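Fold and geometry: a report
Below are the chains, spelled out letter by letter.
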Amino acid sequence: MLARLDNDLLLAMRTRFHGPRAEAVARFLGAIGEYGAVWFAIGVVLATADADRREQWLLAAALGPLAIGVNFAVKLAVRRQRPVLEGLPPLGGAPSSLSFPSAHATSSFACATAMTRIAPEAAVLFVLAAAIAVCRPYLGMHYPSDVLGGALFGVALGLALPLGLVD
């Protein structure tokens, strides 16, 4: 039943609200989310702007690429293949054929969580994290459950990152 719901939701996301602009935005979000690049950049900018918490921001920045590596180890263990929708090829490429969990979702939610621990006002970054994550099934790259799993895994990583803060 859950697999059917996952497939139905993927099909709906892959076939609804598509147009050149929306697809361009989704591709852009996918591109900036690759390898945790946008999160690394955000962390470096915040480290530059906030000397008092520079170390914490740099740790959070490093978490993006680190989360991608940890995520790949989980992908190798799970070995779930990316979705295939007949007549609807994915609208992007991927470095591997493995799907669960979504690395974009993992790194995005890991960094948004860590950065919010440093400065609660950084919670606005969850909007970017969610947008990057949702674009993955929209583009046909992941099942929705891959994104949900990645988001939960990312939050756990963000909470586990030793930032030297009193939580």
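Notes on the structure follow. (Residues numbered from 1 in each chain as written. Predicted model: local features only at pLDDT ≥ 70, side-chain atom pairs only at ≥ 80, totals over all residues. Heavy atoms only, no water.)

Core analysis: the biggest nonpolar cluster contains 34 residues, and W39, M115, L125 and L139 have the highest contact counts within it. Top contributing element to this core by residue count: helix α5 (residues 103-118), with eight residues. If we ignore the near neighbours within four places in the chain, the residues touching L125 are W39, I42, A112 and M115. (Core = buried A, V, L, I, M, F, W, Y, C linked by side-chain atoms within 4.5 Å. Buried < 20%, exposed > 50% of the residue type's maximum accessible area, 1.4 Å probe, protein only. Helix = DSSP H or I, 4+ residues; strand = E, 2+ residues; numbered from the N terminus. Contact = heavy atoms within 4.5 Å.)

Close contact between helix α3 (residues 37-49) and helix α4 (residues 54-78) brings their axes to 7 Å; oriented N to C, the two are set at 175°. Taken together, α3 and α4 sit at an angle that is classed as roughly antiparallel. Across the interface between the two elements, W39, F40, G43, V44, L46, A47 and T48 from α3 touch R54, W57, L58, A61, A62 and P65 from α4. A breakdown of the residues in the contact of α3 with α4 according to their chemical character gives 10 nonpolar, two polar and one charged. (Axes fitted to C-alpha atoms, helices over the stretch in contact; angles between N-to-C directions. Parallel < 35°, antiparallel > 145°, perpendicular 65-115°, else oblique. Nonpolar A, V, L, I, M, F, W, Y, C, P; charged D, E, K, R; others polar.)

Before going further, it helps to examine the state of the cysteines. What the rule picks out here adds up to zero disulfides. We note that C135 lacks a disulfide partner, and the nearest cysteine sulfur, in C111, lies 16 Å from it. (Disulfide = S-S within 2.5 Å.)

Compared with the 20 Å implied by 1.5 Å per residue over 14 residues, the 20 Å span of helix α2 (residues 20-33) between its first and last C-alpha is a close match. The set of residues buried in α2 consists of E23, A26, L29, G30 and G33. Summarising the axial view, the buried residues of α2 lie within an arc of 120°, below the 170-degree limit, and thus occupy one face. The exposed set on the far side of α2, more than 90 degrees from its buried face, consists of P20, R21 and F28. Of the surrounding secondary structure, the elements contacted by the buried residues of α2 are α3, α5 and α6 (125-138). (Expected span 1.5 Å × (residues − 1). Arc of directions from axis to C-beta.)

Among the structural elements, V127 can be located in helix α6. Between the C-alpha atom of V127 and that of L159, which follows or precedes it by 32 residues, the distance is 18 Å.

With that out of the way, let us pick up helix α7 (residues 144-160). If you check α7, its first and last C-alpha atoms are 24 Å apart, about what 17 residues at 1.5 Å a residue would give, namely 24 Å. By the burial criterion, the buried members of α7 are P144, D146, V147, G149, G150, A151, G154, L157 and G158.

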